[in-house]
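# Examining the three-dimensional arrangement
Listed below are the residues making up each chain.
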Amino acid sequence: MNLLIVCLILLVVGLLMFRTKKQPYIIWNPLDTRITLWTYIPDELLKFRENTRYPTNDGSITSDFVKACNASIDNSIDHSKFNFIQVTSESLSYYLPNFPVNMKERSRFRQKDLIDLIGAMLLESYGGLYVSPGTIFVHKNYNPLYDQLQTYDIVTFGSIYNHNTVGTSTPNTRIIGAKAGLPCFKKYIQLLTGQMLGKIDPLYNHVGIEFNPLGEALHNDSCHRFHYTPLEDGTVNVHGRKLQLDDYLGKTPIEFSPRLQMISFPYENLEVETNYEWLKFITLPSLLESRINLVSYLNIGRD
């Protein structure tokens, strides 16, 4: 009898511990009728912050800038229509158990390619809207976007090129909406992984031009698609000039189009243009005090 009581107590304690244990992810519910809004939060390795030949810090942090961008998204969307899920290196294996790269470790692949691959695989598996880290929502009414995501198979934004173009055939890969299980996204994943692995066909067929896996996957595809121009994803100014890191992180005001929906900030370029890598490590108070252009668009409930 005493043994039975002890076993029951242990069972109750175990259940309580399980229920109170903080999960590193939001459980995806296929019965949830809301549009799933996905983003990925990259780990920033502190060793690259040290200005020494032999850095000693092996830890990592989440960028306060990325946190602020995600807070801005969270404060701008209608949660009765969008379910915002922020994927991390800890929770990635829950959503994508077959993702081929360990995101907790430094990889030989470009950060942009890895973030694009995560987005492509999430959309192929679950559908929804994927935004890359550093994306800022600037409107409080995204009902039209919600309706388009419900109506169309694919919703694309902007252009990958550095000149003014509508971008229908060369969409920006930082913001994509799609329904789950589309064949074109299976092809996109195949082309993207082929590019990352340096396979001969993609390289051979695109000598001298920028390889565009998403555009090629959508080429001649029969999916019903809606496209937002670069004027609406914040990658050009009102005059159609492509914006650079200098513009976003400078203090000369940017004249955006009245049609602006969101700002697709090129966060992955911080990996290449290291003069701006400080943005990954700046604290939130310092970010807000910096008065750079992006700060004025962050909807984070500042007092």
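This text goes with the structure placed above it.
Throughout, residues of each chain are indexed from 1 in the direction in which the sequence is written. Local features are withheld for residues below a pLDDT of 70 in this predicted model, meaning they are given only at 70 or higher, and side-chain atom pairs are given and counted only at 80 or more; totals for whole chains, interfaces and linings count all residues. Think of the side-chain values as coming from all heavy atoms in the structure, minus any hydrogens and water.

## Considerations on the side chain of Asp-247
- Strands here are runs of E lasting at least two residues and helices are runs of H or I lasting at least four, both read from the DSSP assignment and numbered beginning at the N terminus. Along the chain, the position of Asp-247 falls in helix 9 (residues 245-248).
- Burial classes: relative accessible area under 20% of the type maximum marks a residue as buried, over 50% as exposed, and values in between as partly exposed (1.4 Å probe, protein chains only). You can call Asp-247 buried: its relative accessible area is 16%.
- For Asp-247, the side chain forms a polar contact with the side chain of Arg-241, separated by 3.1 Å.
- It only takes one pair of heavy atoms within 4.5 Å for two residues to be counted as in contact. If sequence neighbours within four positions are ignored, Asp-247 has contacts with Arg-241, Lys-242, Ile-254 and Asn-293. For the purposes of these results, a polar contact is taken to be a pair of N or O atoms within 3.5 Å, where, inside protein, one atom must be able to donate a hydrogen and its partner to accept one; residues adjacent in sequence count only when each atom of the pair is a side-chain atom.

## Looking at the nonpolar core
- Ranked by size, the top nonpolar core spans 36 residues in total, and within it Phe-99, Ile-118 and Phe-185 carry the most contacts.
- Elements with a contribution of two residues or more to this core: strand 1 (35-40), strand 4 (82-87), helix 3 (92-95), helix 4 (111-126), strand 8 (172-178), helix 6 (183-196) and helix 8 (213-218).
- Top contributing element to this core by residue count: helix 4, with eight residues.
- Excluding residues within four positions of it along the chain, Ile-118 makes contact with Tyr-40, Leu-92, Leu-96, Phe-99, Met-103 and Tyr-130.
- Here, the term nonpolar core denotes a set of buried Ala, Val, Leu, Ile, Met, Phe, Trp, Tyr and Cys residues that are joined through side-chain atoms within 4.5 Å. Membership of the second largest hydrophobic core comes to 26 residues, among which are Phe-65, Val-66, Phe-256 and Ile-300.

## Some words on empty space enclosed by the protein
- Both cavities and pockets are sets of points on a 1 Å grid over the protein atoms alone; in a cavity a 1.4 Å probe fits but cannot get out, in a pocket the set is open with protein on both sides within 12 Å along at least five of seven lines, and lining residues sit with an atom within 4 Å of a point. Grid points are joined across faces, edges and corners, and a volume is the space filled by probe spheres set on the points. Enumeration over the complete set of coordinates arrives at one cavity of 30 Å³ or more.
- Taken as a whole, the largest cavity encloses approximately 50 Å³ of empty space.
- Sorting elements by how many residues they give to the lining of the largest cavity places helix 4 first, with three residues.
- Ten residue types, Ala, Val, Leu, Ile, Met, Phe, Trp, Tyr, Cys and Pro, are classed as nonpolar, four, Asp, Glu, Lys and Arg, as charged, and the remainder, Gly among them, as polar. Along the lines of polarity and charge, the residues of the lining of the largest cavity split into three nonpolar, one polar and four charged.

## Points about the pattern of salt bridges
- When a carboxyl oxygen of Asp or Glu lies within 4 Å of a side-chain nitrogen of Lys or Arg, that pair is called a salt bridge. Summed over the entire model, instances satisfying the criterion amount to eleven salt bridges.
- Glu-124 is the partner of Lys-186 in a salt bridge, and the nearest nitrogen-oxygen pair spans 2.6 Å. On the criterion of sequence distance, the pair formed by Lys-186 in helix 6 and Glu-124 in helix 4 is long-range, its members being 62 residues apart.
- Residue classification places Glu-124 among the buried positions, given a relative accessible area of 14%.
- Here Asp-247 ties to Arg-241 by a salt bridge, and the two come within 3.1 Å at their closest N and O atoms.
- You can call Arg-241 partly exposed: its relative accessible area is 43%.

## Digging into helix 4
- Between its first and last C-alpha, helix 4 extends 22 Å over 16 residues, near the 22 Å set by a 1.5 Å rise per residue.
- Within helix 4, 13 of the 16 residues are buried, leaving the element largely enclosed by the surrounding structure.
- Within two residues after helix 4, Gly-127 carries a phi angle of roughly 75°, on the positive side. A helix is expected to span 1.5 Å multiplied by its residue count minus one.

## Description of the packing of helix 4 against helix 6
- To get an axis, a line is fitted to the C-alpha atoms, and for a helix only the part in contact is used. The angle between two axes follows their N-to-C directions and goes from 0 to 180 degrees. Axis separation between helix 4 and helix 6 bottoms out at 9 Å; the angle between their running directions is 160°. The orientation of helix 4 with respect to helix 6, classified from their angle, is roughly antiparallel. Once helix 4 is placed against helix 6, the crossing between them reads as left-handed. On helix 6, the residues that touch Asp-113, Leu-114, Asp-116, Leu-117, Ala-120, Met-121, Leu-123 and Glu-124 of helix 4 are Phe-185, Lys-186, Tyr-188, Ile-189, Leu-192, Thr-193, Gln-195 and Met-196.
- Looking at the contact of helix 4 with helix 6 residue by residue, the class counts come to ten nonpolar, two polar and four charged. The scheme is simple: roughly parallel for angles under 35 degrees, roughly antiparallel for over 145, roughly perpendicular for 65 to 115, oblique for anything else. Each crossing gets its handedness from the near helix: less than a right angle anticlockwise from the far helix is left-handed, clockwise is right-handed.

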